[in-house]
Amino acid sequence: MAVTAHPSRLRVGSPDYLIVAAVAALVVLGIIAVYSSSFALGILEYGDANYFVFRQVFFAFLGVSAMWLLMKSDYRRLRVVSPLLMLAAILGLVAVLLPGIGVDRNGAARWIAVGGPIPPLQPSEFAKLALIIYVSAWLAGRGEHVKAFWTGFFPFVVLVGLVAGLVMLEPDLGTTIVIVLTTMTLVFVAGASLTHVAAFAGIGSVVASLLVFTGEYRADRIFAFISAEDDPSGRGFHTLQLLIALGSGGVHGLGLGASRQKFFYVPGAHTDGIFAIIGEELGFIGSAIVIALFAVLIIRGFRVILRARDDFGSLLAVGIVSWIAYQALINVGGITRTLPLTGIPLPFLSYGGSALMAMLAGVGILLSVSRYGVDVKALVKPPKPVDGSETIVRPAQRKTSNRVHGGGWPQRKGAN
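Residues numbered from 1 in each chain as written. Predicted model: local features only at pLDDT ≥ 70, side-chain atom pairs only at ≥ 80, totals over all residues. Heavy atoms only, no water.

Chemist: Would you mind showing me how to read a nonpolar patch on the surface here?
Modeler: Together, Phe 58, Phe 61, Leu 62, Val 114 and Ile 118 make up a nonpolar patch on the protein surface, roughly 430 Å² of accessible area in all. Inspection of the secondary structure puts Phe 58 in helix H2 (residues 51-72). (Patch = residues over 30% accessible without salt bridge, like charges linked within 9 Å, V, L, I, M, F, W, Y side chains within 5 Å. Areas by Shrake-Rupley, 256 points an atom, 1.4 Å probe, with all protein chains shown as cover. Salt bridge = Lys/Arg side-chain N within 4 Å of Asp/Glu carboxyl O. Helix = DSSP H or I, 4+ residues; strand = E, 2+ residues; numbered from the N terminus.)

Encoded structure:
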């Protein structure tokens, strides 16, 4: 994971600007796509073509502000407040289930009414980030104990099971899958026993299978994934309309704003189905650009992971990058029918204030880790002679006590 270096060799300064550029491009493209895919619905339901895009811009502003503040802060401070963040997340997940507090939409109680002009917020989106922060801090402090059952695996499963269970009570299977996959990646990277990781994956698979076959709407999504053509006007309608939208775009697309499927053929055209509308209007080229932007973001995220100054920073970066990658993969996979539809938003692009703010806050933490990362050049490049002479620098003899790890890399210090 992380490489711990001498403080004088740590690069504290500029964030990873390629991550900033990729995220900025995705957010701007998302605002344009939200307007194009939602103006008809806004006129029909609210008499305002700008209803959805104005709210998306408002939450984008809040999210970018949070990203900037977190980027400028030292990410290590989050370790101290991680228990409070986790407690607030659990209380938020409980609050949505309480009558009079939670807002019910289409049979799901996932939102809390804030009041005034601010739309309801979705606590499960912020719970993802809080869980990443808390689990990263917890794993970084476990050391070798993470491999033990009672001090490592068992409390981890209890915590993740509690959060996942509360989210499923809403119900929200897509968010639950992202939470389980992200935390499972974290515990694997932290060095947990492969047996425990396999057991965790097995438990998750069994529970997911039971949930799918005991919920009518979830079983319908499996049916639509396998044989949507058998019921094109019923259970397979959503899946087939998404594919029609993608196929109609061809290589170059119909043109920005020219989508036909957004006129109430694709349910959730401005939310979960926005990638299909992008494909219809901007074609294969536009869709490929979106995928390329996510690829740049994830690749640079891996660079931040490798250069993190400590295990906490490395695990934070792993969690945030995994969160973005899994959510994008599940959404695009559902749109293209390579995975069953789960109703999860596409990061930075889909309409949704809570999702956008939480994701941008996560990117801010990732950028903070990049600012405090190890300067790899300083680690491998010998110092230049100050007088211009050809000075031969011989490596100092290293002690074999606790400063050498594996093939000679400095040993990681998870507590720093």
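Chemist: What is the right way to read the environment of Ala 208 from this model?
Modeler: Looking at the secondary structure, you find Ala 208 in helix H7 (residues 194-214). When its relative accessible area of 28% is taken as the criterion, Ala 208 is described as partly exposed. Once the C-alpha coordinates of Ala 208 and Thr 176 are considered, the two residues, 32 residues apart in sequence, prove to be 9.4 Å apart. (Buried < 20%, exposed > 50% of the residue type's maximum accessible area, 1.4 Å probe, protein only.)

Chemist: I would appreciate a short explanation of the packing of aromatic side chains in the present structure.
Modeler: Each aromatic ring pair is specified by the distance between its two centres and by the angle formed by the two planes. Under the definition given, this model contains eleven aromatic pairs. Geometrically, the ring pair formed by Tyr 46 and Phe 52 is edge-to-face, given 5.9 Å between the ring centres and 80° between the ring planes. Exposure remark for Phe 52: the relative accessible area of 6% places this residue in the buried category. Through successive ring pairs, a cluster of aromatic residues spans Tyr 46, Tyr 51, Phe 52 and Tyr 351. The ring of Tyr 51 carries Arg 55 above its face, with NZ or CZ at 3.7 Å from the centroid. (Phe/Tyr/Trp six-rings, centres within 6.5 Å; stacked < 30°, edge-to-face > 60°. Lys NZ or Arg CZ within 6 Å of the ring centre and 35° of its normal.)

Chemist: For this particular structure, what's the right way to read the confidence of the model for the chain?
Modeler: Any segment with low pLDDT has predicted coordinates that should not be analysed in fine detail. For the chain, mean pLDDT is 84; residues scoring 70 or higher make up 85% of the total. Every residue in residues 2-9 scores below 50 in pLDDT, and together they form 27 contacts with partners more than four places removed in sequence or on other chains. Confidence over residues 385-416 falls short of pLDDT 50; this stretch has 33 contacts with residues more than four positions distant or in other chains. (pLDDT = per-residue confidence, 0-100. Contact = heavy atoms within 4.5 Å.)

Chemist: I keep staring at the pattern of salt bridges and nothing clicks. Help me out?
Modeler: A side chain of one charge can pair with a side chain of the opposite charge when the charged atoms of the two come close. Under the counting rule described, the total for this entry stands at six salt bridges. Across the pair Asp 16 and Arg 300 runs a salt bridge whose closest N-O atoms are separated by 3.0 Å. Residue Asp 16 is found in the segment before helix H1 (17-46), and its partner Arg 300 is found in helix H10 (residues 274-307); the two are separated by 284 residues along the sequence. The class of Asp 16 is buried, set by a relative accessible area of 5%. With relative accessibility at 22%, the residue Arg 300 sits in the partly exposed group. A salt bridge links Lys 128 to Glu 125, with the nearest nitrogen and oxygen atoms 3.1 Å apart. Pair noted here: Lys 128 and Glu 125 are both in helix H4 (residues 123-142), with a separation of three residues, about one helical turn. Comparing Lys 128 with Glu 125, the two get one shared label, buried.

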